Amino acid sequence: MKLLLLMSVALACVALSFAWKEPWIGGVGLLVAFVAMFTDRDDVRLDDEKGSYETTKSVRNMRSKDR
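Model, not experiment: these values are computed from the prediction.

Brief notes about the environment of A10
Point 1. Summarising the element assignment, A10 is placed in helix α1 (residues 2–20).
Point 2. Classification of A10 as buried rests on a relative accessible area of 4%.
Point 3. Linking A10 and V35, residues 25 residues apart in sequence, is a C-alpha distance of 9.8 Å.
Point 4. In this view, A10 contacts G29, V32 and A33; residues no more than four positions away in its chain are not counted.

Okay, here's the thing in structure tokens:
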């Protein structure tokens, strides 16, 4: 949600820079876009973070021994 909000603010700033002929507003919009990209978190949990007893490396090692 935060990413969508920041990207819409960035797009509005870039659009305003063309409408008002003020280039610094577009620069602010690009800075906001970079902040939005670099502060976006990936909330997908990895197998190692799920609290399971087996890690992905141990599972791969066990499967390779069976072959």
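Anyway, onward from the coordinates.
A short note on α1
Point 1. Taking 1.5 Å as the rise per residue, α1 with 19 residues should run 27 Å; its terminal C-alpha atoms sit 27 Å apart, in good agreement.
Point 2. Buried within α1 we find A10, C13 and S17. One side of α1 carries all its buried residues, which in axial view fall inside an arc of 60°. The exposed residues of α1 that point more than 90 degrees off its buried face are L4, L5, L11, F18 and A19.
Point 3. At its buried positions, α1 is contacted by α2 (23–39).
Point 4. Positive phi shows up at K21, right after α1, with a value of about 60°.

As for the packing of α1 against α2
Point 1. Viewed as axis vectors pointing N to C, α1 and α2 meet at an angle of 165°, and their least axial separation amounts to 7 Å. Taken as axis vectors, α1 and α2 run roughly antiparallel relative to one another. As for how α1 packs across α2, the hand of that crossing is left-handed. Contacts between α1 and α2 involve K2, L3, L6, M7, V9, A10, C13, V14, L16, S17 and W20 from the first element and I25, G26, G29, L30, V32, A33, A36, M37 and T39 from the second.
Point 2. Here the residues of the contact of α1 with α2 sort into 15 nonpolar, four polar and one charged.

What counts and what doesn't
Residues numbered from 1 in each chain as written. Predicted model: local features only at pLDDT ≥ 70, side-chain atom pairs only at ≥ 80, totals over all residues. Heavy atoms only, no water. Helix = DSSP H or I, 4+ residues; strand = E, 2+ residues; numbered from the N terminus. Buried < 20%, exposed > 50% of the residue type's maximum accessible area, 1.4 Å probe, protein only. Contact = heavy atoms within 4.5 Å. Expected span 1.5 Å × (residues − 1). Arc of directions from axis to C-beta. Axes fitted to C-alpha atoms, helices over the stretch in contact; angles between N-to-C directions. Parallel < 35°, antiparallel > 145°, perpendicular 65-115°, else oblique. Left-handed = near helix turned anticlockwise from the far one by under 90°. Nonpolar A, V, L, I, M, F, W, Y, C, P; charged D, E, K, R; others polar.

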